Amino acid sequence: MAGDGGHTVGDVVAALERRYPPAWAEQWDRVGLVVGDPRAAVRRVLCVVDCVPETVAEAVEAGADLIVAHHPLLLRGVSSVAVTTYKGRAVHRLIKHDIALYVAHTNADVASPGVSDALAARLGLTDLRPLRPAAPDGPAAGGGRGIGRIGRLSRPMTLAELTALAAVALPRTTWGVRAGGAADRRIETVAVCGGAGDSYLGAAVAAGVDAYLTADLRHHPASEHLAEGGPALLDAAHWATERPWLDDVADHLRADPGLPVIVSDVDTDPWTLHANSVPTPKEPTP
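Parameters and conventions
Residues numbered from 1 in each chain as written. Predicted model: local features only at pLDDT ≥ 70, side-chain atom pairs only at ≥ 80, totals over all residues. Heavy atoms only, no water. 1 Å grid on protein atoms, 1.4 Å probe; cavity = no way out; pocket = protein on both sides within 12 Å on 5 of 7 lines; lining within 4 Å. Points joined across faces, edges and corners; volume = space filled by probe spheres on them. Helix = DSSP H or I, 4+ residues; strand = E, 2+ residues; numbered from the N terminus. Nonpolar A, V, L, I, M, F, W, Y, C, P; charged D, E, K, R; others polar. Pairing = 2+ DSSP bridges. Axes fitted to C-alpha atoms, helices over the stretch in contact; angles between N-to-C directions. Contact = heavy atoms within 4.5 Å. Expected span 1.5 Å × (residues − 1). Buried < 20%, exposed > 50% of the residue type's maximum accessible area, 1.4 Å probe, protein only. Phe/Tyr/Trp six-rings, centres within 6.5 Å; stacked < 30°, edge-to-face > 60°. Salt bridge = Lys/Arg side-chain N within 4 Å of Asp/Glu carboxyl O. Polar contact = N/O pair within 3.5 Å; in protein donor to acceptor, adjacent residues only side chain to side chain.

Undergrad: What am I meant to see in the layout of surface pockets here?
TA: Over the atoms rolls a probe the size of a water molecule, and its path tells where empty space is left. Each pocket or cavity is described by its volume, and for the largest pocket that value is around 570 Å³. As for the largest pocket, its lining consists of 27 residues, of which W28, H71, L75, H105 and H238 are closest to the centre. Elements with a contribution of two residues or more to the lining of the largest pocket: helix 3 (86-96), helix 4 (106-110), strand 8 (146-158), strand 10 (186-196) and helix 9 (238-254). With four residues, the single largest contributor to the lining of the largest pocket is strand 10. Of the residues belonging to the lining of the largest pocket, the class tally is twelve nonpolar, nine polar and six charged. Each pocket or cavity is described by its volume, and for the second largest pocket that value is around 330 Å³. Around the second largest pocket, the lining is made up of 16 residues, and of these D50, T268, D269, P270 and W271 lie nearest the centre. Partitioned by chemical class, the residues of the lining of the second largest pocket number six nonpolar, five polar and five charged.

Undergrad: Mind showing me how you'd approach the sheet that holds strand 5 (residues 66-69) here?
TA: The strands that make up a sheet are held in pairs by hydrogen bonds between backbone atoms, and each pair lies either parallel or antiparallel. Strands sit in the order 2-6-5-4-13 across an open sheet of five strands; the sheet is mixed. Of all the strands in the sheet, just strand 2 (32-35) and strand 13 (261-263) have a single pairing partner and so form its edges. Going across the sheet, the axis of each strand differs from the next one's by a mean of 25°, ignoring polarity. As paired elements, strand 4 (residues 45-48) and strand 5 share four bridges and run parallel to each other. Residue V45 lies in a different strand from strand 5, and its bridge partner there is L66. Together, strand 4, strand 5 and strand 13 form the strand contacts of helix 9, whose direction differs from that of strand 13 by roughly 175°.

Undergrad: Can you help me understand helix 9 in this one?
TA: Every α-helical turn comprises 3.6 residues, leaving residues that sit three or four positions apart pointing alike. Spanning 17 residues, helix 9 covers 26 Å between terminal C-alpha atoms, matching the ideal 24 Å at 1.5 Å per step. With respect to burial, helix 9 is a largely interior element, twelve of its 17 residues being buried. Within helix 9 the residues assigned to the buried category are H238, W239, A240, T241, E242, R243, P244, W245, L246, V249, A250 and L253.

Undergrad: Help me out: how do you make sense of the packing of aromatic side chains in this one?
TA: To describe a pair of aromatic rings, you give the distance between the ring centres and the angle between the ring planes. Taken as a whole and assessed by the stated rule, the structure comprises one aromatic pair. Summarising the aromatic geometry, the rings of Y20 and W245 are spaced 5.7 Å apart at their centres and angled 65° between planes, so their arrangement reads as edge-to-face. Placement of the pair is Y20 in the loop between helix 1 (9-19) and strand 2 and W245 in helix 9, with a sequence separation of 225 residues. Both residues of the pair, Y20 and W245, belong to the buried class.

Undergrad: Looking at this structure, I do not really get the pattern of salt bridges. What am I missing?
TA: Pairing of side chains with opposite charge becomes possible as their charged atoms draw close. Inspection of every chain in the model, using the stated rule, returns 13 salt bridges. Residue D117 pairs with R149 through a salt bridge whose shortest N-O separation is 3.0 Å. Taken together, the residues D117 in helix 5 (residues 115-122) and R149 in strand 8 connect sequence positions 32 residues apart. No difference in accessibility class separates D117 from R149, as the two residues are buried. A salt bridge links R254 to D251, with the nearest nitrogen and oxygen atoms 3.3 Å apart. Remark: D251 and R254 occur in helix 9; sequence separation between them is three residues, near one turn of the helix. When salt bridges with common partners are traced through the structure, they connect R122, R243, D247 and D265 into a single cluster.

Undergrad: What exactly am I supposed to notice about the side chain of R149 here?
TA: With relative accessibility at 1%, the residue R149 sits in the buried group. A polar side-chain atom of R149 sits 2.9 Å from the main-chain carbonyl oxygen of G146.

This is the structure in structure tokens:
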């Protein structure tokens, strides 16, 4: 605890790492405290999906002393954090305003509850189980942990109805929600994966679900999956599939009395415009 009886960065980090142990993260991932002094006082926390100029500015304006982010700012090695670089400018502004930065990424993805549990809750899915369970010999084994979730809808619906539900239930983005499959296909069981999930198309097929909702689906894997009779696909914006988790993180931290926590609704999806295709008018026949 801080000398004045308040919270420190180290206190908040400890609370986060009890829920999302760093050992659960993938080996390639970079999680934990990125910027800041564990001894520094924390009077307000801001939870974000991405640490970008817009959310750093939000933290400054809100008077936050700590940002809890899902995506790593420094995932790949850098040789400079000079202000002449994008990431360098972010680091400099954080330090200048005494704002610490903490990241929980793949360790939050596999946690139970974790990123995909929050996404599943938005769709009202029940009887949840992992889409790809954590390795039985790995540090995250057991406890219902793993990537993605499979659940059952409260009532059967068509793919068109499920797509409409997802569009309303998830945070609004320019990207919206698009779907692949017959509009009248009956859907009862759904797999979800927060973030980029086309690596788990095979897991969705093996699970025998009726539909799979994730983000960043690529053309060829998606088209081949559908051509081979796989589950219907729903593709939402990456940010929108992970934003629901911020509410869970905030509730976890608010359990410690006297720690104000803010959830950012700044849409950090990179796509800002959308236009539906329209048929080209035919020239009148002479």
